[in-house]
Amino acid sequence: MIWEKELEKIKEGGLYRQLQTVETMSDQGYAMVNGKKMMMFASNNYLGIANDQRLIEASVQATQRFGTGSTGSRLTTGNTIVHEKLEKRLAEFKQTDAAIVLNTGYMANIAALTTLVGSDDLILSDEMNHASIIDGCRLSRAETIIYRHADLLDLEMKLQINTRYRKRIIVTDGVFSMDGDIAPLPGIVELAKRYDALVMVDDAHATGVLGKDGRGTSEHFGLKGKIDIEMGTLSKAVGAEGGYIAGSRSLVDYVLNRARPFVFSTALSAGVVASALTAVDIIQSEPERRVRIRAMSQRLYNELTSLGYTVSGGETPILAIICGEPEQAMFLSKELHKHGIYAPAIRSPTVPLGTSRIRLTLMATHQEEQMNHVIDVFRTILTNRYK
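Not measured: the values here are computed from a predicted model. (Residues numbered from 1 in each chain as written. Predicted model: local features only at pLDDT ≥ 70, side-chain atom pairs only at ≥ 80, totals over all residues. Heavy atoms only, no water.)

**Some words on the sheet that holds strand β10 (residues 243–247)**
On the basis of which strands lie adjacent, the open sheet formed by seven strands has the order β4-β10-β9-β8-β7-β5-β6 and mixed pairing. Across the chains shown, the open sheet's two edge strands, defined by having one partner strand only, are β4 (98–102) and β6 (143–147). Ignoring strand direction, the axes of neighbouring strands in this sheet form an average angle of 20 degrees. Strand direction decides the pairing type here: strand β8 (residues 198–202) and strand β9 (residues 229–233), joined by three bridges, are parallel. Residue pairing in the sheet places Val201 in a bridge with Glu230 of β9. Where helix α7 (residues 185–194) meets the sheet, its contacts fall on β6, β7 (168–173) and β8, and the angle it forms with β8 comes to roughly 155 degrees. (Pairing = 2+ DSSP bridges. Helix = DSSP H or I, 4+ residues; strand = E, 2+ residues; numbered from the N terminus. Axes fitted to C-alpha atoms, helices over the stretch in contact; angles between N-to-C directions. Contact = heavy atoms within 4.5 Å.)

**As for the UniProt feature "modified residue: N6-(pyridoxal phosphate)lysine" (unreviewed entry) in the protein chain**
Feature annotation in UniProt assigns "modified residue: N6-(pyridoxal phosphate)lysine" (unreviewed entry) to the following positions: Lys236. Its relative accessible area of 14% is what places Lys236 among the buried residues. Lys236 has contacts with Asn44, Asn45, Tyr46, Ala204 and His205, leaving out every residue within four places of it along the chain. (UniProt positions renumbered as here; feature names shortened; annotations may be inferred. Buried < 20%, exposed > 50% of the residue type's maximum accessible area, 1.4 Å probe, protein only.)

**As for α7**
Inspection of α7 places Leu185, Gly187, Ile188, Val189, Leu191 and Ala192 among the buried residues, and these make up the whole buried set. At its buried positions, α7 is contacted by β6, α6 (152–161), β7, β8 and α8 (217–220). A positive phi of about 55 degrees marks Asp196, the residue just after α7.

**Considering empty space enclosed by the protein**
A probe matching the size of a water molecule, rolled over the atoms, marks out where space remains unfilled. On inspection of all chains with the given rule, the structure shows one cavity of 30 Å³ or more. Each pocket or cavity is described by its volume, and for the largest cavity that value is around 30 Å³. What lines the largest cavity is Arg74, Leu102, Asn103, Pro261, Phe262, Ser265, Thr266 and Ala267. Broken down by class, the residue content of the lining of the largest cavity amounts to four nonpolar, three polar and one charged. (1 Å grid on protein atoms, 1.4 Å probe; cavity = no way out; pocket = protein on both sides within 12 Å on 5 of 7 lines; lining within 4 Å. Points joined across faces, edges and corners; volume = space filled by probe spheres on them. Nonpolar A, V, L, I, M, F, W, Y, C, P; charged D, E, K, R; others polar.)

**Examining helix α3 (residues 81–94)**
Compared with the 20 Å implied by 1.5 Å per residue over 14 residues, the 20 Å span of α3 between its first and last C-alpha is a close match. Every buried residue of α3 is accounted for by Val82, His83, Leu86, Glu87, Arg89, Leu90, Ala91, Phe93 and Lys94. In the core, the buried residues of α3 are packed alongside α2 (53–66), β4, β9, β10 and α11 (270–285). With a side-chain oxygen positioned 3.2 Å from the backbone nitrogen of Val82, the residue opening α3 is Thr80. Directly beyond the C-terminal end of α3, a positive phi value near 60 degrees is found at Gln95. (Expected span 1.5 Å × (residues − 1). Polar contact = N/O pair within 3.5 Å; in protein donor to acceptor, adjacent residues only side chain to side chain.)

**Concerning the domain arrangement of the protein chain**
With domains assigned, the protein chain is organised as domain 1 (18–46 + 287–386) and domain 2 (54–285). For domain 1 versus domain 2, the separation of C-alpha centres amounts to 27 Å. Approximately 1,600 Å² of surface area, both sides summed, lies buried where domain 1 meets domain 2, with 55% of it carried by carbon and sulfur atoms. Linking domain 1 with domain 2 are one salt bridge. The salt bridge involving Arg357 is made with Asp179; its shortest N-O contact spans 3.0 Å. Connecting domain 1 to domain 2 are eleven residue pairs in polar contact (both at pLDDT 80 or more). Among the secondary structure elements, those contributing two or more residues to the side of domain 1 that touches domain 2 are α12 (288–307), β11 (311–313), β12 (318–324) and β15 (356–361). Broken down by element, the side of domain 1 that touches domain 2 gets its largest block of residues, four residues, from α12. Looking at the side of domain 1 that touches domain 2 residue by residue, the class counts come to eight nonpolar, six polar and seven charged. (Domains from an automatic or database assignment. Buried area = accessible area lost by both parts, 1.4 Å probe. Salt bridge = Lys/Arg side-chain N within 4 Å of Asp/Glu carboxyl O.)

Now the structure itself:
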């Protein structure tokens, strides 16, 4: 069969993937994976609130009231009062006029890009943007030009020479999911103003993490009201599920009326939505979680670089230990696994060829002894390899 041949090629390239079974997840940074208790260093639960009893209780109460499924799209039977409360709360949180909730962050990016731009428009997209942005660009029918990662000079040059479009939109991750670095948003906003372009920020990995109140990249840089389209997820630091688009009232109303991923999808269940609503309050009322995770990230970055590892990140909960070839990343992942650390290898097509890595993600609930163990294990692996 043709699929068997294609799978063989994937295996030969060291890119074959298999699912890992997570049996339990604790609120102390541990998980039972494939029958083994592991320290979880691969979760996007950055603030450690996905297991918080307040979220669980909110979800249970909403489920008892509305049932386990929403039974229809938002435009038919799936729009509960809980959905409306969350959208109002998200708009307040992101300091925008309005917000709209979709089923996933992936769908939110697809919805925004396929609805807000078309064949007469131009998208300028950072080369390291998330796959959902890439797919949204492809499906939008707009002309798409890729600019070099976080390179303002390259972005400006491409704005200068591409002027014939009805509208132009610059789209970037706020925090880049595979490197942990932060987009140069002040420079992007300044260029957008100078060249009459719109700005869209995917704040999936920044919401809850960056900014004094966890509002994300715009708050981190003091850019309130300067971002035209803010997208984010409810499935990472928020600890629930779903995605959202925030912006002007007319933008959100247009998405509600025209975005196919919104119009034709069954709504999120009320239980999930209620947990997200509770989480937003926790994010703002417990800033110590952000303080703790920043300190841990900087410490881990300093320790691993001092050992000789090539590490990207340090300002966010995401740290990438660059290995190079897939086999090297797989080796490091297996060694970490032997020592009870769950951190799978990240390989192409998730990251460019030659940049396979271990993506360590921190949670505010990680303890000092867990951090010490990770550092000791990385030191041991390096020592044993070069004996």
